[in-house]
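Chains, contacts and geometry: an overview
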2 protein chains.
Amino acid sequence: MELSERKKKILQIVVDDYIDTAMPVSSKTITQKYMQNVSSATIRAELSALEELGYLTQLHTSSGRVPSPEAYKLYVSDLMVKEKLTKKELDYIKDIFLKKADNIESVFKNAVKVISELTDYTSIGVSPSIKEDRLREIRFFRFKPDKALVLIVTDQKLLKDNFIDVPEEMNTEQLDEASAFINKLFVSKTFQEICSMEVDFDESFSGYKTIFVNVIEALKTYFSAREDVAVEGQDKMLRHADYLDVDKIKDFLSVVTSKDKIIDVLTEDNKGIKINVKIGSNGYEKLPKDSSLVSATYTANGKEIGTYGVIGPSRMDYQKVVAVLENVGRIIESILTER
Amino acid sequence: MELSERKKKILQIVVDDYIDTAMPVSSKTITQKYMQNVSSATIRAELSALEELGYLTQLHTSSGRVPSPEAYKLYVSDLMVKEKLTKKELDYIKDIFLKKADNIESVFKNAVKVISELTDYTSIGVSPSIKEDRLREIRFFRFKPDKALVLIVTDQKLLKDNFIDVPEEMNTEQLDEASAFINKLFVSKTFQEICSMEVDFDESFSGYKTIFVNVIEALKTYFSAREDVAVEGQDKMLRHADYLDVDKIKDFLSVVTSKDKIIDVLTEDNKGIKINVKIGSNGYEKLPKDSSLVSATYTANGKEIGTYGVIGPSRMDYQKVVAVLENVGRIIESILTER
DNA sequence: TGTTAGCACTTTAAGGGTGAGAGTGCTAAT
DNA sequence: ATTAGCACTCTCACCCTTAAAGTGCTAACA
């Protein structure tokens, strides 16, 4: 059912005021601060209707109204007035990424940092899955008699190092040969394909079997240990006057300090969606109760470059948060796309 | 002044009981649970004396006694009965490090993790400074026409990658030449020495100036971004019944989520000391009030391999914590030393 | 001289009662 | 459809009281 214009306006006012003051909003407050042309009784009727519709709740019979998760969702998608970042903030973002945009890792880490700084909330990020990445080259670099570093280069400019054991009796030429063999086999395949490949060692290559197995092992490690997670400002929820009791803090931290939970909540259903809002409540247990996650997945050149989110009280400054997420995304995307 | 044996015993009892129950310890508790052969009045006199000496405090006139920071220090150094880890715990530790001991990074991260898991407190770690590390080799690895990966290998088996810009017109031979030049200059010097070097470019090498500057830059970045910090279980203090009010939690988190503060508190004066106990109080502000840090610096082959600590309430299970720190240290040291 | 029983004193914590204040829902009038 | 008015509900702050816990002190004792 579609809300009347006035109901929308009132709902917006309630959410705005509640975000601002952290106090339940009463009919009196609304008429005094925002709508002097109607009486509080009229507002009361409207509030009552909005409560009926599931957008508002009361803590007790004689308290004002507080937005429900539904209200926040509607607020972000429909009601909220979009905020613009100041020039100073925009310049700050650009500055950060222009300085250090040479590898994806640092862009990723910086993004999480900047988002947290500008919003003053805890921010989290998950780097893109590498399942789809295609291998460009594998190179060995002998490090000790029985150890080699393997460099894994993909089409996504990603790169990671990993040590493997190499038989001591293998000389440099043999190592090169092994490398050529492995590259021939793997190059331009995705990680997924590589990991599920079955390779028959015919006689001529059986000597490489050890190293081959080790490389596969390294790739698998790299592959599974993937999904880098970054968190910034875990303690920032404490600044925001919600989270006064210890249980809430416990809840919040248990999510924000767990790599697995962060991945879970960020990668759930974000694909392709620009700005995504989730609100923790009895219906959605992955987030702490009364906490919200606003997230976005950025892409460049048609490839995902990470999912980023802000997590904090449901009573969150969505205007700011959405503005920051959108702008950081836009800037990163433009920087990474242009070349 | 030296405490009488009985005072020591009583102090030990108070600390033990307080750690166990989190309740101020009364004279009655002591006579009933621990010393049936004396009356509570006698204990009261002793407690009063111990308070006079600064080892005990009272929350108010009619509460039992609580240990002071002094008491905890004495407890750890003198009074506490040392605990032995179970075989299961020892095997667990060994297992972790035998599996993944091939590079220092992973040993470092695992140590922090294991310590937190076995103690059930937040653990922190700082990797050793690399100021003293000697360079073994620098190698370039062309990655894109204008980018190269530089591998930095030190005598500590450390290794790190970093991208630098390389002039596009430089061909492979020239890159190799530059590499040889730079290696000749830098190899077997410490990072400290390298960073403070002044190099005159005579005519023949002026072509490498760009790349040279970039390498120095990379070394400096690597050098300064060093001191890896790891934290595990930031939220574990919430399990331990201290930290009931939000301000304490705030205090705790502000330390534990700040890389700088962790480095500060862990590297302060740990050199060469085996087990170090610090207690946050009005006299020592670097730690949250009523929180303790127990730390140790491990070495292998005469080189530091990191400082690790457990941070939690002053009312901490020191027996367990010290046992874990000592054993993890012993195991790591033996594994890293043997080869 | 060290130990102990006994008692007065202090402080906290929990429970209960009260009144003011805030806000609502309902009703009847406009 | 809107509004004034009013009864009703709930919370919160405050105060009072009481029970319980634990101490310090004193006087007696071995």
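Structure shown above.
These figures come from a predicted structure and were not determined experimentally.

**Observations concerning the overall build of chain A**
- Each helix and strand in chain A was counted, giving 12 helices and 10 strands.
- Taken across its 339 residues, chain A has 51% of its residues classed as buried.
- Contacts in chain A between residues far apart in sequence, at least 24 positions, make up 62% of those at least 6 positions apart.
- Carbon and sulfur atoms make up 49% of the accessible area of chain A, which amounts to about 16000 Å² in all.

**Comments concerning unusual backbone geometry**
Residue and element names in this part refer to chain A.
- Phi is positive for Ala22, close to 65°, though the residue is something other than glycine.
- With respect to the element layout, Ala22 can be found in the loop between α1 (5–21) and α2 (27–34).
- The class for Ala22 is partly exposed, based on a relative accessible area of 31%.
- Of note, the phi angle at Asp120 is positive, near 65°, even though the residue is not glycine.
- Residue position: Asp120 is located in the loop between α6 (104–119) and β3 (122–126).
- The exposure class of Asp120 is partly exposed, given its relative accessible area of 27%.

**Things to note about the pairing of strand β3 (residues 122–126) of chain B**
All names here are of chain B.
- Among the five residues of β3, five are classified as buried, and the element is accordingly described as predominantly covered.
- Covered by surrounding structure in β3 are Thr122, Ile124 and Val126 together with Ser123 and Gly125, the residues of both alternating faces.
- Pairing of β3 with strand β10 (residues 303–313) involves five bridges; the strand directions are antiparallel. Opposite Ser123, over in β10, you have Val310 as the bridge partner.
- Bridge analysis of β3 against strand β7 (residues 229–232) gives four bridges, and the strand direction is antiparallel.

**Looking at the sheet that holds strand β8 (residues 276–279) of chain B**
Residue and element names in this part refer to chain B.
- With antiparallel pairing, the five strands of this open sheet are ordered in space as β7-β3-β10-β9-β8. One side of each edge strand has no neighbouring strand; the edge strands of this open sheet are β7 and β8. Strand after strand, the sheet turns through a mean of 20° between neighbouring axes, direction not considered.
- On top of the sheet, helix α11 (residues 259–267) reaches β3, β7, β8, β9 (291–300) and β10; it is set at about 80° to β3, its chief contact.

About the thresholds
Residues numbered from 1 in each chain as written. Chains lettered and ligands numbered in written order. Predicted model: local features only at pLDDT ≥ 70, side-chain atom pairs only at ≥ 80, totals over all residues. Heavy atoms only, no water. Helix = DSSP H or I, 4+ residues; strand = E, 2+ residues; numbered from the N terminus. Buried < 20%, exposed > 50% of the residue type's maximum accessible area, 1.4 Å probe, protein only. Contact = heavy atoms within 4.5 Å. Areas by Shrake-Rupley, 256 points an atom, 1.4 Å probe, with all protein chains shown as cover. Pairing = 2+ DSSP bridges. Axes fitted to C-alpha atoms, helices over the stretch in contact; angles between N-to-C directions.

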